[in-house]
Amino acid sequence: MLRFPFARVEGLEGAPELAAVARSNFVRLRERRSTIFTTDATRFDRYRDYDFLYLYSPFPASVMTQCMARVVESVDARPRTVTVLYVNTCCHDEIVATDRATFESIGRTPHGNDINLHHLT
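Rules behind the numbers
- Residues numbered from 1 in each chain as written.
- Predicted model: local features only at pLDDT ≥ 70, side-chain atom pairs only at ≥ 80, totals over all residues.
- Heavy atoms only, no water.
- Helix = DSSP H or I, 4+ residues; strand = E, 2+ residues; numbered from the N terminus.
- Buried < 20%, exposed > 50% of the residue type's maximum accessible area, 1.4 Å probe, protein only.
- 1 Å grid on protein atoms, 1.4 Å probe; cavity = no way out; pocket = protein on both sides within 12 Å on 5 of 7 lines; lining within 4 Å.
- Points joined across faces, edges and corners; volume = space filled by probe spheres on them.
- Nonpolar A, V, L, I, M, F, W, Y, C, P; charged D, E, K, R; others polar.
- Patch = residues over 30% accessible without salt bridge, like charges linked within 9 Å, V, L, I, M, F, W, Y side chains within 5 Å.
- Areas by Shrake-Rupley, 256 points an atom, 1.4 Å probe, with all protein chains shown as cover.
- Salt bridge = Lys/Arg side-chain N within 4 Å of Asp/Glu carboxyl O.

Q: Just give me the short version of the side chain of His 118, but keep the residues and values in it.
A: Looking at the element boundaries, His 118 is found in strand S6 (residues 114-120). Assessed through its relative accessible area of 0%, His 118 is described here as buried.

Right, here's the structure in full:
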């Protein structure tokens, strides 16, 4: 994501040891646009700050359902379209079940994982 002209590229990681690795990598890269939050994704309270989310098969279905509910709440609080680039789409149905998402399949990774683009409004 650092290759694109986003003002900020931030991550959410539940495992403190993986968050530490990510932070170390950003320091090594001298990347100043990035922040890694260490928290449970179902309790993250800043979804309203984002218009674009990238997910690579991050959660089991029950967690995805809760996270998408939080994203929808954030859209209700700050109306906008949230674009979700979702790779390895094992919880696609949980996103569609919000009844707020449209999606298009945009291809596959070189490893054969599906890639979907969802728009939540």
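Q: Which residues make up unusual backbone geometry, and what values do they have?
A: Of note in this structure, Asn 88 is not a glycine but carries a positive phi near 60°. Looking at where Asn 88 falls in the secondary structure, it is placed in the loop between strand S4 (82-87) and helix H3 (92-96). Backbone geometry at Asp 99 places phi at a positive 60°, although glycine is not the residue there. Mapped onto the elements, Asp 99 comes out in the loop between H3 and strand S5 (101-108). Under the relative-accessibility criterion, Asp 99 is labelled exposed at 70%.

Q: Report on the layout of surface pockets, specifying residues and quantitative values.
A: To find the voids left in a structure, one rolls a probe of water-molecule size over its atoms. Taken as a whole, the largest pocket spans an internal volume of roughly 1100 Å³. If you trace the largest pocket, you find 36 residues lining it, with Val 9, Glu 10, Gly 11, Leu 12 and Tyr 54 closest to the centre. For the lining of the largest pocket, the class distribution of residues is 26 nonpolar, 4 polar and 6 charged.

Q: With reference to specific residues and values, describe a nonpolar patch on the surface.
A: Where nonpolar side chains cluster on the molecular surface, the patch consists of Met 1, Phe 4, Tyr 54 and Tyr 56 and spans about 400 Å² of accessible area. For Tyr 54, the location among the structural elements is in strand S3 (residues 52-56). A residue is classified by how much of its surface remains accessible, and Tyr 54, at 40% relative accessible area, is partly exposed.

Q: With reference to specific residues and values, describe the pattern of salt bridges.
A: The final tally for this structure, using the stated rule, is 9 salt bridges. Measuring nitrogen to oxygen at the nearest pair gives 2.9 Å for the salt bridge that ties Arg 33 to Glu 31. Judged by its relative accessible area of 24%, Arg 33 falls in the partly exposed class. With its nearest N and O atoms 3.7 Å apart, the salt bridge here joins Arg 70 to Glu 73. Of this pair, Arg 70 and Glu 73 both sit in helix H2 (residues 61-77), 3 residues apart, roughly one helical turn. Taking relative accessible area as the criterion, Glu 73 reaches 49% and is therefore assigned partly exposed. Residues joined in a network through salt bridges with shared partners are Arg 46, Arg 48 and Asp 49.

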